[in-house]
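What follows is the residue order along each chain.
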Amino acid sequence: MAQNNEDEGSIGTSMHGVTAREQVFSFSVQGEEDGPSSRTVRFDDPTAKFALPVDSEHRATAFKPFSFARPHMRAFHLGWISFFTCFISTFAAAPLVPIIRDNLDLTKSDIGNAGVASVSGAIFSRLAMGAVCDLLGARYGTAFLLMLSAPTVFSMSFVSDAGGYLSVRFMIGFCLATFVSCQYWTSVMFNGKIIGLVNGCAGGWGDMGGGVTQLLMPMVFHVIKLTGATPFMAWRIAFFVPGFLQVIMGILVLTLGQDLPDGNLSTLQKRGEVSKDKFTKVFWYAVLNYRTYVLFLLYGFSMGIEMTINNVISEYFFDRFQLELHTAGMIAASFGMANFFARPLGGYASDISARFFGMRGRLWTLWILQTSGGIFCVWLGRATSLPIAILAMMLFSVGVQAACGAIFGIVPFVSRRSLGIISGLTGAGGNFGSGLTQLIFFSSSRFHTADGLSLMGIMGMIFTLLVAFIHFPQWGSMFFGPTSDEKKSKEEHYYAAEWTEEEKRQGLHEGSLKFAENSRSERGRKAASDRSSPSMPPEGGNPAHV
Amino acid sequence: MAIKKLLFASLLICSMIQSSHGATKERLFTDLEKGALEVTATPSRTGQGVILAAGVDKLSITWKVSSKATKEPEFKTIKVKLCYAPVSQVDRPWRKTENELFKDKSCPHKISSFSYDPTVKTAQSFDYTLERDIPTGTYYVRAYAVDAKDHEVAFGQSTNENKTTDLFSVQAISGRHKSLDIASVCFSVFSVVALLVFFVNEKRKAKIEQSK
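Every value quoted in this text rests on a predicted model; they were computed, and no experiment measured them.

Chemist: Can you help me understand the overall build of chain B in this one?
Modeler: Looking only at helices and strands, chain B features two helices and nine strands. The helix and strand sequence of chain B, counted from the amino end, reads α-β-β-β-β-β-β-β-β-β-α. Split into buried and exposed, the 212 residues of chain B put 40% on the buried side. Sequence-distant contacts in chain B: of pairs separated by 6 or more residues, those separated by 24 or more amount to 76%. In the structure as shown, chain B presents an accessible area of about 12300 Å², 57% of it carried by carbon and sulfur atoms.

Put into structure tokens, the structure is as follows:
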């Protein structure tokens, strides 16, 4: 019986599980009416075996960062630490460039091009990673990246010229796709209500690796030199450290981790308990949504700029202010380390502004954070004294990193069906932006590095204006309100539009409708007044299925 | 609150870092007395297209105070340095020649320094083996005469003013070593094999469970 889904959906009326034609989750509770997905555990529920409270899909509804309980918190920690390790490897060369450039006789163009190459590989690997995780599970996705890119890190010992240096940095860069596998893993382990905070922490703490490496590598290099190695050999030996870390993390992920709350993917798939959406459909709806491209570019000028700075800032401080290698590294490290609180802060600021102003608040928060990051980047390039440069750099780091967190406060609302691909595409945009800015501003002798920094800040501010173009029919945008069309201004219409009539008949869009109901909070304070006047018939004259 | 902590920490870092020397900011290279020292540098192997090997080949360096030197009474120490020729500075802004002495990066490699004895008027010479951290490039030798306040007052170099004659080329050590190469291959193989072992094992276990 065809149901009319153009109404505000049959929330609260669906008889989920009754017809056996609905999408099955990894473990579903039979029979009852399905409320919103975060329900407390009942005392006779087999989910009581989990250390954290879980919902009906066994995703955790609480986030306890100090716990290592399996499977949820363990997956979180394994995920972010793997991502952290890959950031260390990808940017390990940056603080050692003053030594490497002498050993390999590099020119400024060689160094710049290698920097571009180091972030370009991940554009493609991040795009493919979503599909890989679907196929193999998050565990093997992560472990494959870690353990197959470890040989590329070790192969730095073979490099003898600019071409070799560029190829190795390119190959190491592929492992940045652990961003996608990490976010995928947390998304299957944690409930949608807290996923913003969880992903913000995982993303931010992983990004910290770009800062830690600026401290770690000069320190390791120094220690190796003390044992008697020449500088030109010591830096090669230093690269074994990130390589080891990757192999160790890969083994830990495989032995301690678990794909899904209920077990590993291969076991569950063979039992017929996990079904998936069609890739072509998911990809199609991602590509058709114009907001995907806007977010791609926006992330390119927040995360992209952050990664570019990871590559150039240590050398910049070393050369411009005549510092020691480890001093320059220390300053460069504090840029990346700010991620520890800056990115979660951005996500939190986005959530708070949404509480009062809805999606418009999120968009303005993003614009403010990213533009102030751009302003401080310009200031950093202009600074001629060390204390001012450090101050500008710290403010700049908080601005762009919080902007990264704020962008991922918006991404989950762009699409429900294609969330994975859009996250991956946004992540790839970060790498694209980094490659582009390094290519334009830091690969040739056309600009002094200081001018390059200022110009990059200006370019970032210009591209950040694109935030104004993100418009949701149901919530509006920075300057315009929601559409006045009665039908289109409902959240359900926006999210259900990603499914064909045939799929809706099969009830495949249930998850989207549930999400649409929960997303009504993006209307801001008005959502509270909406709830008091029931916008939907409580018992539902339209049952979802026969 | 976090911002305040950050600003405080950044101020701490700034105070810990040594500030650049104050008075030397204005000292310029063009103020130094040119040609006060006569310097020659003879490589141990000479000839057309000869490239010296770092860590192996030597330079025989001689220096002498020229009779034209006017600031000779101020000389306290003679510092001899290895400097980049213009061809090695192309597209490498970290080796740029700047007029302000504290910014100038064209002579980063210290060869030797001697305290100046005004009673000895003859040429001094010594041998210098090229260090193993000298990068590949084209070089000349320059000697600075430094006064009691550690400020340069005069200099002389082994090449002409345009730095085009008497240059020599050096090839750096590769920094590679067979033991490193072998270790690298071993760990890479271990990483790939470990992954495959886990993967195959798990597939096998899943198949067993399915057939149950």
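Let's pick the thread back up.
Chemist: When you look at the state of the cysteines in this model, what are you seeing that I'm missing?
Modeler: Any covalent bond linking the sulfur atoms of two cysteines counts as a disulfide. Applying the stated rule across the entire model yields one disulfide over all chains. A sulfur-sulfur separation of 2.1 Å characterises the disulfide bridge that pairs B:C83 with B:C107. Between B:C83 and B:C107, the S-S dihedral sits near 105 degrees, and the bridge is therefore right-handed. Of this pair, B:C83 sits in strand 4 (residues 77-84) while B:C107 sits in the loop between strand 4 and strand 5 (109-115), and the two are 24 residues apart along the sequence. The pair formed by B:C83 and B:C107 is uniform in burial state, with each residue classed as buried. You can see A:C86 has no disulfide; the closest cysteine sulfur is in A:C175, sitting 3.6 Å from it.

Chemist: Help me out: how do you make sense of the packing of aromatic side chains in this one?
Modeler: Given two aromatic rings, their pairing is described by the distance between the two centres and the angle made by the two planes. Residues and elements named next belong to chain A. Considering all chains together, one arrives at 45 aromatic pairs over all chains under this definition. Consider the rings of F376 and W379, whose centres lie 6.2 Å apart with planes at 40 degrees: the pair is tilted. One end of the pair is F376 and the other is W379, both in helix 15 (residues 339-382) and three residues apart, which spans about a single turn. Among the residues examined, F376 registers a relative accessible area of 23% and is labelled partly exposed. A residue is classified by how much of its surface remains accessible, and W379, at 34% relative accessible area, is partly exposed.

Chemist: Is there a simple way to think about the packing of helix 7 (residues 209-226) of chain A against helix 14 (residues 325-337) of chain A in this case?
Modeler: A packed helix pair is summarised by two numbers, namely the angle formed by the two axes and the spacing between the axes. Residue and element names in this part refer to chain A. In contact at an axis separation of 5 Å, helix 7 and helix 14 are set at 155 degrees when each is read in the N-to-C sense. By the angle between their directions, the pair helix 7 and helix 14 is classed as roughly antiparallel. Taken as a pair, helix 7 and helix 14 cross one another with a handedness that is left-handed. Contacts between helix 7 and helix 14 involve G211, V212, Q214, L215, P218 and F221 from the first element and L325, H326, G329, M330, A332, A333, G336 and M337 from the second. Residues of the contact of helix 7 with helix 14, tallied by class, amount to nine nonpolar, five polar and no charged.

Chemist: What is the right way to read the interface of chain A and chain B from this model?
Modeler: A common way to state how big an interface is: give the accessible area lost once the parts meet. Listed per partner, the contact involves 56 residues of chain A and 46 residues of chain B. Note that A:R139 is salt-bridged to B:E202, the shortest N-O span being 2.6 Å. Here chain A is connected to chain B by 18 residue pairs in polar contact (both at pLDDT 80 or more). Elements represented by at least two residues in the side of chain A that touches chain B include exactly helix 2 (97-103), helix 3 (108-154), helix 8 (231-238), helix 9 (240-256), helix 10 (265-270), helix 13 (303-320), helix 14 and helix 16 (386-414) of chain A. At 13 residues, helix 3 of chain A tops the list of elements feeding residues into the side of chain A that touches chain B.

Chemist: Hey, could you run me through the nonpolar core in this one?
Modeler: When a protein is soluble and globular, its nonpolar side chains tend to lie buried together. Residues and elements named next belong to chain A. With 83 residues, the main nonpolar core has F63, F76, W185, F190, L298, L366 and I407 as its most contacted residues. Setting aside anything within four residues of it in sequence, one finds L298 in contact with L366, Q370, I407, F463, T464, L466, V467 and I470. Counting 32 residues, the second-largest nonpolar core is a separate cluster that includes A338, C377, V400 and F442.

Chemist: I'm lost on the UniProt feature "transmembrane region" (unreviewed entry) in chain B in this one. Help?
Modeler: The residues that UniProt annotates with the feature "transmembrane region" (unreviewed entry) are residues 182-200 of chain B. In the segment residues 182-200 of chain B, helix accounts for 100% and strand for 0%; the C-alpha atoms at its two ends are 27 Å apart.

Chemist: What is the right way to read the pairing of strand 9 (residues 168-171) of chain B from this model?
Modeler: Along a regular strand, successive side chains alternate from one face of the sheet to the other. Residues and elements named next belong to chain B. Burial of strand 9 is one-sided: the residues F168 and V170 facing one way are buried, the residues S169 and Q171 facing the other way are not. Sheet analysis places strand 2 (residues 51-53) next to strand 9, joined by three bridges and oriented parallel. Bridged to A53 within strand 9 is Q171. For strand 7 (residues 137-146) and strand 9, the ladder comprises three bridges, and the chain directions are antiparallel. Paired with Y139 across the two strands is F168, which belongs to strand 9.

Chemist: Is there a simple way to think about the pattern of salt bridges in this case?
Modeler: One side chain can pair with another of opposite charge once the charged atoms of both are near each other. Residues and elements named next belong to chain A. Within the structure shown, the criterion is met by 24 salt bridges over all chains. Of the charged contacts in the structure, one is a salt bridge between R101 and E315, with a shortest N-O distance of 2.8 Å. With R101 in helix 2 and E315 in helix 13, this pair connects stretches of sequence that are 214 residues apart. The two residues R101 and E315 agree in class, both being buried. Among the salt bridges present, the one from D451 reaches R382, with a minimum N-O distance of 2.8 Å. Placement of the pair is D451 in helix 18 (residues 449-464) and R382 in helix 15, with a sequence separation of 69 residues.

Chemist: Is there a simple way to think about unusual backbone geometry in this case?
Modeler: Outside of glycine, negative phi angles account for most residues, and trans bonds account for most peptide bonds. The omega angle of the peptide bond from A:R70 to A:P71 is -5 degrees, so this bond is cis rather than trans. By the secondary structure assignment, A:P71 is in the segment before helix 1 (72-90). Even without being a glycine, B:D91 presents a positive backbone phi close to 60 degrees. Among the secondary structure elements, B:D91 is positioned in the loop between strand 4 and strand 5. For B:K163, which is not glycine, the phi dihedral falls at a positive 60 degrees. Relative to the helices and strands, B:K163 is located in the loop between strand 8 (152-157) and strand 9. A residue is classified by how much of its surface remains accessible, and B:K163, at 15% relative accessible area, is buried.

Chemist: Can you help me understand the confidence of the model for chain B in this one?
Modeler: Residues and elements named next belong to chain B. Per-residue confidence for chain B gives a mean pLDDT of 85; residues scoring 70 or more make up 89%. Segment residues 17-24: pLDDT under 50, and eight contacts once partners within four positions in sequence are set aside and those in other chains are kept. Scored as a complex, the prediction yields pTM 0.81 and ipTM 0.82.

Cut-offs applied
Residue positions are counted from 1 within each chain, in the order its sequence is given. Chain letters start at A and ligand numbers start at 1, both assigned in the order the entries are written. Where totals are concerned, whole chains, interfaces and linings use all residues; where local detail is concerned, this predicted model gives features only for residues with pLDDT of at least 70, and gives and counts side-chain atom pairs only at 80 or more. Excluded from the side-chain calculations are hydrogens and water; all other atoms, namely the structure's heavy atoms, are used. Strands are runs of DSSP state E lasting at least 2 residues, helices are runs of H or I lasting at least 4, and numbering of each runs from the N terminus. When accessible area is computed with a 1.4 Å probe and restricted to protein chains, residues below 20% of their type maximum are described as buried, those above 50% as exposed, and intermediate ones as partly exposed. Note on contacts: a residue pair qualifies if any of its non-hydrogen atoms lie within 4.5 Å across the two residues. Per-residue and other accessible areas follow the Shrake-Rupley method at a 1.4 Å probe size, with only the shown protein chains counted as cover for residues. Throughout, disulfides are identified as pairs of cysteine sulfur atoms within 2.5 Å of each other. Note on aromatic contacts: the rings of Phe and Tyr and the six-membered ring of Trp form a pair at centre separations within 6.5 Å, being stacked when their planes are under 30 degrees apart, edge-to-face when over 60 apart, and tilted otherwise. Angular values range over 0 to 180 degrees, each being the angle between N-to-C directions of two axes fitted as lines to C-alpha atoms, with helices fitted over their stretch in contact. Convention used here: angles under 35 degrees read as roughly parallel, angles over 145 as roughly antiparallel, angles from 65 to 115 as roughly perpendicular, and any remaining angle as oblique. Note on convention: near helix rotated counterclockwise from far helix by under a right angle means a left-handed crossing. Clockwise means right-handed. Residue classes follow a fixed rule: Ala, Val, Leu, Ile, Met, Phe, Trp, Tyr, Cys and Pro count as nonpolar, while Asp, Glu, Lys and Arg count as charged, and any other residue, Gly among them, counts as polar. Any Lys or Arg side-chain nitrogen found within 4 Å of a carboxyl oxygen on Asp or Glu counts as a salt bridge. Under the rule applied, a polar contact is a pair of N or O atoms within 3.5 Å (in protein, one hydrogen donor and one hydrogen acceptor; residues adjacent in sequence only if both atoms are side-chain atoms). As used in this record, nonpolar core signifies buried Ala, Val, Leu, Ile, Met, Phe, Trp, Tyr and Cys residues forming a set joined through side-chain atoms within 4.5 Å. UniProt positions are given in the numbering used here, feature names are shortened, and annotations may be inferred rather than shown by experiment. For two strands to be treated as a pair, DSSP must find at least two bridges joining them. Note: pLDDT gives the predictor's confidence per residue, expressed from 0 to 100.

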